[in-house]
Amino acid sequence: MSKIKELFVKDINRPIEGVIKADDDKSLKIEVEEYVLTNDISGKLATFFEAYNNLKENGVWISGFFGSGKSHLLKMLSLLLENKVIEGSSVLEMFLPKCNDEFLKGEIKKAASNNSKSILFNIDQKSSVTSKSDQDALLSVFVKVFNETCGYYGNTAHIARFERDLDNNGQLEIFKEAYFKISNKKWENGREVANLQKQNIAKAYAQIKNENEGSYINLLDNYRIDYNISIEDFALMVNDYINKQPKGFRLNFLVDEVGQYIAGNIKLMTNLQTIAETLKTKCNSRAWIIVTAQDDLEQVIGQNSVHKTDDFSKIQDRFKIRLKLTSKDVAEVIQKRLLSKTNSASYELSTIYDKEKANLKTMFTFNDDSKGFTDYKNSDHFVNCYPFIPYQFDLFQKAIETLSSHRAFEGRHSSVGERSMLGVFQQVLISLNNHNINNIATFDLMFEGIKSTIKSGIQRIVLDVENQVNDQFTVKVLKALFLIKYVDGFKSNTHNISILLINEFDENITELRGKVEKSLQVLIKQNAIKKFGDTYEYLT
């Protein structure tokens, strides 16, 4: 009988970056090669690329729950639109074989043939110098990343304005050379401590103007005092930049985690809408904004339903193209990227399915109000999922979402864990490395994948029981109850809890249920859980 670790096409222990970071360029080729284009997203991308190629709209809203692959998709779009070359291969060449839709292939080729520049960034990281309470906070971030793209100083807007004025007059490089001769320091270093370099800046500037340096000793102070920028000014700068590029050029702003940044702040929401709208009109749809958010646009703006006005219908108009990632997409990604089986493994698993299929439906059927969790559809579905059960993809997503909404996670945003579902499933799979092919993953194993990101106070009871109870099965019961604590639509009775802990196909369900009941009584005595009617609940 095969070991689980022997079943897969790729080494399950290989490094897989579960969380894709917008500003991380270290593993671009691997990220492109391992990207899974699901059937659902393929259809949605066709809509996007068709609109992009025909200059329709200019706003895209990518949404999906924690760890669903939003950032990975955003990064793929940034690379495809720019048709970046990575280690001698174009992203287009690497990506096209993933497409089964000929229309989509054609639209991607057309988009990649345009000259374009992708500005990809995580808005929370780039806004570190700007307070959200500032009314122009969002605009400041866009100006910052645009200035950096142009080669100007992004951290200080008035210095970037100074550089842009020099550049427009054809004097920037001359100024840099003069500054270097005077200070023996590159301008890129000197501008970071501009307050300490007033004399040298004045001398360099006076040289290119053929005037007295005394007139320019407060040059940058005056720029700072006079600095002001509006959304329209920004859009005109972007349009001017685009017009200086080859014909057909596009500039694309790809903004990660914008939903969390603007949520709850009406001013930021309306500013996002105005930036998108003004870029569309001033740049003739040649400047796009593609953003990611954990929530649908309606959910984000719905938090301020009292203040809903025409502004909110406008923001929806600006982001008409919606790409929503679902648990179905995530399951397909995990199955193709992590769980792909060898031919011999597929045959062996199919044999098990044929033998067990009569029992599988009843074995994994939850009772009472716990509806909607999928079962194996057929032999192929069984092979694709193994050693996981279909319900685990949906239930774990719901567990993560509800734990997030109850602020269970550590970090800058309590709604964000550091692990994606892919990362958690890989960790569980590795833990089953040496198990026989008859074994399957139990739901409690998911706890280990998010343990490091859960607030200590919330998981304290699990830690206490681990130290006090000399029975690993009882701890498994408690971990499962922790994960499902806030999940609506799942009734945590003895039968359903037992299903979560089935670890092999020939499990004696009656014996398992007896073990669960015994453990539940122990946990009640430990004040770790409480019984409500016929259901049990983890106590925070």
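Let us look at the structure shown here. Every chain is numbered on its own, with residues counted from 1 as its sequence reads. Note on the predicted model: pLDDT of at least 70 is required for a residue's local features to be given, and 80 or more for side-chain atom pairs to be given and counted; whole-chain, interface and lining totals, by contrast, use all residues. Calculated side-chain values reflect all of the structure's heavy atoms, with hydrogen atoms and water omitted.

1. Observations regarding helix H5 (residues 102–113)
At step 1: Numbering of helices and strands runs from the N terminus, with a helix taken as a DSSP run of H or I at least four residues long and a strand as a DSSP run of E at least two residues long. Residue count minus one, scaled by 1.5 Å, sets the expected span of a helix. In this model, H5 (12 residues) spans 17 Å end to end at C-alpha, consistent with the 16 Å of a helix rising 1.5 Å per residue.
At step 2: At its buried positions, H5 is contacted by helix H2 (39–53), helix H3 (70–82) and helix H4 (91–95).
At step 3: N or O atoms within 3.5 Å of each other form a polar contact, as long as, within protein, one can give a hydrogen and the other can take it, and as long as residues adjacent in sequence are counted only when both atoms are side-chain atoms. Its side-chain oxygen at 2.7 Å from the backbone nitrogen of Phe103, Asp101 defines the N-terminal cap of H5. Two residues form a contact once any of their heavy atoms are found within 4.5 Å.

2. Examining the packing of aromatic side chains
At step 1: Under the pairing criterion, centres of Phe, Tyr and Trp rings, with the six-membered ring standing for Trp, must be within 6.5 Å; the plane angle then separates stacked pairs below 30 degrees from edge-to-face pairs above 60, leaving the rest tilted. As enumerated under the stated definition, the model contains 36 aromatic pairs in all.
At step 2: Between the aromatic rings of Tyr391 and Phe443, the centroid separation amounts to 6.3 Å while the plane-to-plane angle is 40°, which identifies the pairing as tilted. With Tyr391 in helix H21 (residues 390–405) and Phe443 in the loop between helix H22 (421–431) and helix H23 (446–450), this pair connects stretches of sequence that are 52 residues apart.
At step 3: With relative accessibility at 1%, the residue Tyr391 sits in the buried group.
At step 4: Residue classification places Phe443 among the buried positions, given a relative accessible area of 0%. Exposure categories follow from relative accessible area, calculated using a 1.4 Å probe and restricted to protein chains: below 20% of the type maximum is buried, above 50% is exposed, and the middle band is partly exposed.

3. Some thoughts on the pairing of strand S8 (residues 529–532)
At step 1: Relative to strand S9 (residues 535–538), S8 runs antiparallel, the two being bridged by four bridges. Bridge pairing in S9 links Ile529 to Tyr538.
At step 2: In short, DSSP must find at least two bridges between two strands for them to pair. With antiparallel pairing between neighbouring strands as the criterion, S8 and S9 make up a hairpin whose turn holds two residues, including Gly533 at a positive phi of roughly 65°.

4. Describing empty space enclosed by the protein
Over the atoms rolls a probe the size of a water molecule, and in doing so it shows where empty space is left.
At step 1: A cavity here means a set of points on a 1 Å grid, drawn over the protein atoms and nothing else, where a 1.4 Å probe fits but cannot get out; a pocket is an open set with protein on both sides within 12 Å along at least five of seven lines, and a residue lines either one if it has an atom within 4 Å of a point. Grid points are joined across faces, edges and corners, and a volume is the space filled by probe spheres set on the points. Counted according to the given criterion, the structure contains one cavity of 30 Å³ or more.
At step 2: By volume, the largest cavity amounts to about 40 Å³.
At step 3: Lining the largest cavity, in full, are Val143, Asn147, Ala157, Ala160, Arg161, Arg164, Tyr227, Ile229 and Met237.
At step 4: Contributing elements (two or more residues each) for the lining of the largest cavity: helix H7 (137–150) and helix H8 (157–168).
At step 5: The dominant element in the lining of the largest cavity, judged by the number of residues it contributes, is H8, at four residues.
At step 6: Per-class residue counts for the lining of the largest cavity are six nonpolar, one polar and two charged. Each residue gets one of three labels, nonpolar for Ala, Val, Leu, Ile, Met, Phe, Trp, Tyr, Cys and Pro, charged for Asp, Glu, Lys and Arg, and polar for the others, Gly among them.

5. Some points on the pattern of salt bridges
Pairing between side chains of opposite charge can happen when the charged atoms of each approach one another.
At step 1: For this analysis, a salt bridge means a side-chain nitrogen from Lys or Arg found within 4 Å of a carboxyl oxygen belonging to Asp or Glu. In the structure shown here, the tally under the stated rule is 24 salt bridges.
At step 2: With a shortest N-O distance of 2.5 Å, Glu448 and Lys479 are connected by a salt bridge. On the criterion of sequence distance, the pair formed by Glu448 in helix H23 and Lys479 in helix H25 (residues 472–483) is long-range, its members being 31 residues apart.
At step 3: The class for Lys479 is buried, based on a relative accessible area of 8%.
At step 4: Taken together, the salt bridges that share partners define one network made up of Lys10, Arg14, Glu34 and Arg337.

6. What to know about the sheet that holds strand S1 (residues 59–63)
At step 1: Taking strand neighbours across the sheet as the criterion, the five strands line up as S4-S5-S6-S1-S7 in an open arrangement whose pairing is parallel. The two strands at the open ends of the sheet, each matched to only one other strand, are strand S4 (116–122) and strand S7 (321–324). When the angles between neighbouring strand axes are averaged without regard to direction, this sheet yields 15°.
At step 2: Direction of pairing for S4 relative to strand S5 (residues 250–256): parallel, over a ladder of seven bridges. Counted as the bridge partner of Ser118 is Asn252 from S5.
At step 3: Contacting S1, S4, S5, strand S6 (287–293) and S7, H2 crosses the sheet at an angle of about 160° to S7. Helix axes are fitted only over the stretch in contact, all axes being lines through C-alpha atoms; the angle between N-to-C directions runs from 0 to 180 degrees.

7. Structural notes on the nonpolar core
At step 1: Membership of the largest hydrophobic core comes to 83 residues, with the highest contact counts inside it found for Phe364 and Tyr391.
At step 2: With eight residues, H25 is the largest single contributor of residues to this core.
At step 3: If you look at the next biggest cluster of nonpolar residues, it comprises 41 residues, including Phe146, Leu251, Ala276 and Val291. What is meant by a nonpolar core is a set of buried Ala, Val, Leu, Ile, Met, Phe, Trp, Tyr and Cys residues, joined one to another through side-chain atoms within 4.5 Å.

8. Quick notes on unusual backbone geometry
At step 1: Cis geometry marks the peptide bond from Tyr386 to Pro387, where omega comes out at 10°.
At step 2: Its location among the elements puts Pro387 in the loop between helix H20 (379–385) and H21.
At step 3: The backbone phi angle of Asn83 is positive, close to 45°, even though this residue is not glycine.
At step 4: According to the relative accessible area criterion, Asn83 is partly exposed, its value standing at 22%.
At step 5: Its identity is not glycine, yet Glu257 carries a phi of approximately 60°, on the positive side.
At step 6: Within the secondary structure, Glu257 sits in the loop between S5 and helix H14 (258–262).
At step 7: Given a relative accessible area of 15%, Glu257 falls into the buried group.

Purely geometric stuff here, so don't read any function into it on its own.
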